[in-house]
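# Observations on the three-dimensional arrangement
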Amino acid sequence: MDSLECPQANGIVLTVALPNAPIREKWGKGVEFMLSCIAYSVGFGNIWKFPYTALENGGGAFLIPYLVVLFVIGRPIYYLEMVMGQFCSSGCVKIYDLAPAMRGIGVGQTIAMFVVMTYYTPVLAITLRYLFASFSTELPWSKCDPSWSRCIDSDNREYRNFSDPANQNLNVSAELYFTKTIMHRAPLAEGIGTPDLDLVLCLLLSWLVVAIILIKGIRSTGKAAYFLALFPYVIIMILFVHTCSLEGAGKGIKFFLTPKWDQLFTAKVWMEAVTQCFFSLSICFGGIIAYSSFNNFTNNVYRDAMIISWLDTFTSVIVGCIVFGVLGNLATVTHKDSIQDVVRQGTGLTFMAYPDAIAKFEYFPQLFSVLFFMMLFIVGIGSNLGVITSIITAIRDRCPQLENWKVASAISVIGFALSAIYMAPGGLDLLDVFDTYGAKYVTLTLALFELITFAWIYGVDRICRDIYFMLNIETSVFWRICWAIATPVVVCVILIGSFVEYKPVDVPLAYNVIGWVVYGVAVIQLPIWAIYAICTQKRSGFVKKVVGAFQPAQSWGPENEHTREMYNAANDKSKELDDEESERSSSLCKLVHRRVFN
């Protein structure tokens with residue numbers, strides 16, 4: 001039988017037995033929730049996006065706005081989503097029982113998660129393809145294929161005169177291996193093309209791994225989290241120690257951490273810091289709310305939010321040192337003056353520059369290649385589980401009679417079918433389109449409305465009362481200011497700035513139009529569900545229907561019926577006290593008015 005600790009006004013904590021045990025599946029242990037959140041939040045964004053973003057925005061100076069943004073935006077949103085998800089034991093759609101008119105936010109986030117799911121697993125497939133290739137007696141990208149023109153072996157450590165005009169257009173074999181052997185890259189203008197069979201098989205295996213973990217529900221995800229969250233750090237520390245021993249690694253790490261103070265005062269750096277914070281912590285995607293909804297009602301999410309947010313930042317910095325240490329070694333052995341000469345963005349950094357550097361390792365290049373791509377695959381699996389769990393939770397909250405294994409299996413089959421398109425020659429360009437419109441713009445837009453709904457419509461004061469009822473923790477002024485003012489304002493500024501500085505993806509116009517259609521489908525859920533909520537209100541009169549649609553539904557509150565009754569009683573008592581306080585204030589004002597003016 002469950003129990004709940006209820007703090008009383010006289011300081012006594014009353015423990016009440018809860019006769020109606022919650023029917024929602026729960027994490028096996030509290031630590032499984034925290035590890036699953038770590039596995040979800042620490043992903044590709046930490047491995048390649050953070051180092052490159054930092055490099056492009058002031059190096060070490062980028063860490064200052066990033067830490068400020070983490071403190072003012074990242075942690076407050078992370079904590080807020082954990083609190084709200086745990087309080088009502090609902091996913092990112094049903095949680096809007098707190099304001100049914102805003103349910104479109106959760107539906108839009110689920111659509112965005114579905115888009116992310118379709119292109120996230122293909123990156124896992126490419127990683128798996130490299131992982132298998134790493135077991136070769138000789139790394140296959142270390143040597144040029146005879147069919148490649150103007151190619152230099154990646155394992156060649158000899159001096160090459162890059163200032164010689166004859167060498168200006170040379171490409172290393174690792175880059176050509178990725179573009180020609182792995183992806184068979186071709187411009188999207190020539191069509192998407194036919195998916196590569198080897199990559200499709202790797203994609204199938206990736207989806208099988210995800211489906212096997214998800215098929216038994218949240219408990220199997222929690223058990224897998226011990227490995228998915230902890231083992232990558234073993235690999236990270238091995239790679240970090242090895243990187244520090246490489247020739248020229250210090251040069252690369254210094255380049256990564258050295259501040260360029262002139263860029264600190266540009267708006268672009270701060271915008272990039274906010275964007276990186278969102279995608280690094282995976283906030284406002286729905287995954288944190290979904291994971292938190294499987295917590296026990298009194299789990300200390302404040303502690304979990306603080307640990308995970310700081311660990312995520314620590315991971316980004318350490319991985320950045322690893323990546324740029326290796327790139328520093330690459331610049332040294334190839335006698336290049338600038339680290340930027342060996343840097344590629346996005347998938348290029350992961351699948352071109354880093355493999356090229358590994359090929360030049362004097363000892364055990366295969367071992368470090370296996371470790372690197374195994375780390376990538378594991379953190380990718382952990383993040384993908386959070387994405388798909390968010391979708392499964394949204395569906396099962398709406399249709400609880402559906403069994404988990406059926407929903408997980410259906411999503412995996414559909415996801416595999418849609419993901420295969422990214423394995424085609426034009427797939428990576430298509431990935432950029434959906435990542436920009438279906439993830440970045442949708443997430444920032446819905447994040448603003450999520451914060452407005454939680455902090456302004458539902459109300460910061462009520463959130464703080466809910467936290468006290470659930471955790472017996474008083475919420476400080478810092479969190480109140482962040483939730484009510486600082487975080488929504490900053491997100492609004494970043495959203496406006498991202499549209500002002502909009503640049504279409506470098507693909508044919510039709511694909512940018514498709515991207516905007518995806519964005520429109522996700523965002524239009526806001527007015528559609530608002531109209532539906534207003535029309536389905538049982539109150540008479542349009543104004544009352546509108547007001548009712550923005551007030552919590554009868555189903556809102558803790559999952560357990562007995563706990564919800566206690567919660568409603570506590571709310572009623574709080575309203576009575578507020579009314580009495582308001583009446584006393586009004587009486588005092590009247591008394592002062594009579595004595596002053598009469």
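This is a predicted model, so every value here is computed, not measured.

It is worth spelling out unusual backbone geometry at this point. In this structure, arginine 150 takes a positive phi of about 50° despite not being glycine. With respect to the helices, strands and loops of the structure, arginine 150 is situated in the loop between helix 4 (103-133) and strand 3 (151-152). Arginine 150 gets classed as partly exposed once you look at its relative accessible area, which sits at 42%. Here asparagine 472, not a glycine, exhibits a phi torsion of approximately 60°, which is positive. Relative to the helices and strands, asparagine 472 resides in the loop between helix 15 (427-471) and helix 16 (477-500). With relative accessibility at 39%, the residue asparagine 472 sits in the partly exposed group.

What describes two packed helices is the angle between their axes and the distance between those same axes. At a minimum axis separation of 9 Å, helix 4 and helix 14 (residues 404-419) run at an interaxial angle of 65°. With respect to helix 14, the axis of helix 4 lies roughly perpendicular. Crossing angle aside, the handedness with which helix 4 passes helix 14 is right-handed. Counted together, Phe114, Met117, Thr118 and Pro122 of helix 4 and Ile411, Ile414, Gly415, Leu418 and Ser419 of helix 14 form the full contact between these two elements. For the contact of helix 4 with helix 14, a count of residues per class yields six nonpolar, three polar and no charged.

Between helix 1 (residues 30-41) and helix 7 (residues 218-244), the shortest axis-to-axis distance is 8 Å and the interhelical angle comes to 55°. Between helix 1 and helix 7, the crossing angle belongs to the class labelled oblique. Crossing handedness for the pair helix 1 and helix 7: left-handed. Across the interface between the two elements, Val31, Glu32, Leu35, Ser36, Ile38 and Ala39 of helix 1 pack against Arg219, Thr221, Gly222, Lys223, Ala225, Tyr226, Leu228, Ala229, Leu230 and Tyr233 of helix 7. A class-by-class count of the residues in the contact of helix 1 with helix 7 yields 10 nonpolar, three polar and three charged.

The next subject is the UniProt feature "binding site: Na(+)" (unreviewed entry) in the protein chain. On the UniProt side, "binding site: Na(+)" (unreviewed entry) is annotated at positions that read Val42, Asn46, Ser280 and Ser383 here. On the basis of their most widely separated C-alpha atoms, the annotated residues across 342 residues gather in one place, lying no more than 11.2 Å apart. Position of asparagine 46 among the secondary structure elements: in helix 2 (residues 44-56). Classification of asparagine 46 by relative accessible area gives buried; the value is 0%. Discounting residues that sit within four places of it in the chain, asparagine 46 has contacts with Ser41, Pro51, Ser280, Asp312, Ser316 and Val319. Polar side-chain contacts of asparagine 46 include one of 3.0 Å to the backbone nitrogen of glycine 43. Residue placement: serine 383 occurs in helix 13 (residues 365-398).

Glancing now at the state of the cysteines. When the sulfur atoms of two cysteines share a covalent bond, that bond is a disulfide. The tally for this structure, following the rule as stated, stands at one disulfide. The disulfide that involves cysteine 144 links it to cysteine 151, with 2.0 Å between the sulfurs. When the S-S torsion is -85°, as for the bridge of cysteine 144 with cysteine 151, the disulfide is left-handed.

Quick notes on the rules
Residues numbered from 1 in each chain as written. Predicted model: local features only at pLDDT ≥ 70, side-chain atom pairs only at ≥ 80, totals over all residues. Heavy atoms only, no water. Helix = DSSP H or I, 4+ residues; strand = E, 2+ residues; numbered from the N terminus. Buried < 20%, exposed > 50% of the residue type's maximum accessible area, 1.4 Å probe, protein only. Axes fitted to C-alpha atoms, helices over the stretch in contact; angles between N-to-C directions. Parallel < 35°, antiparallel > 145°, perpendicular 65-115°, else oblique. Left-handed = near helix turned anticlockwise from the far one by under 90°. Contact = heavy atoms within 4.5 Å. Nonpolar A, V, L, I, M, F, W, Y, C, P; charged D, E, K, R; others polar. UniProt positions renumbered as here; feature names shortened; annotations may be inferred. Polar contact = N/O pair within 3.5 Å; in protein donor to acceptor, adjacent residues only side chain to side chain. Disulfide = S-S within 2.5 Å.

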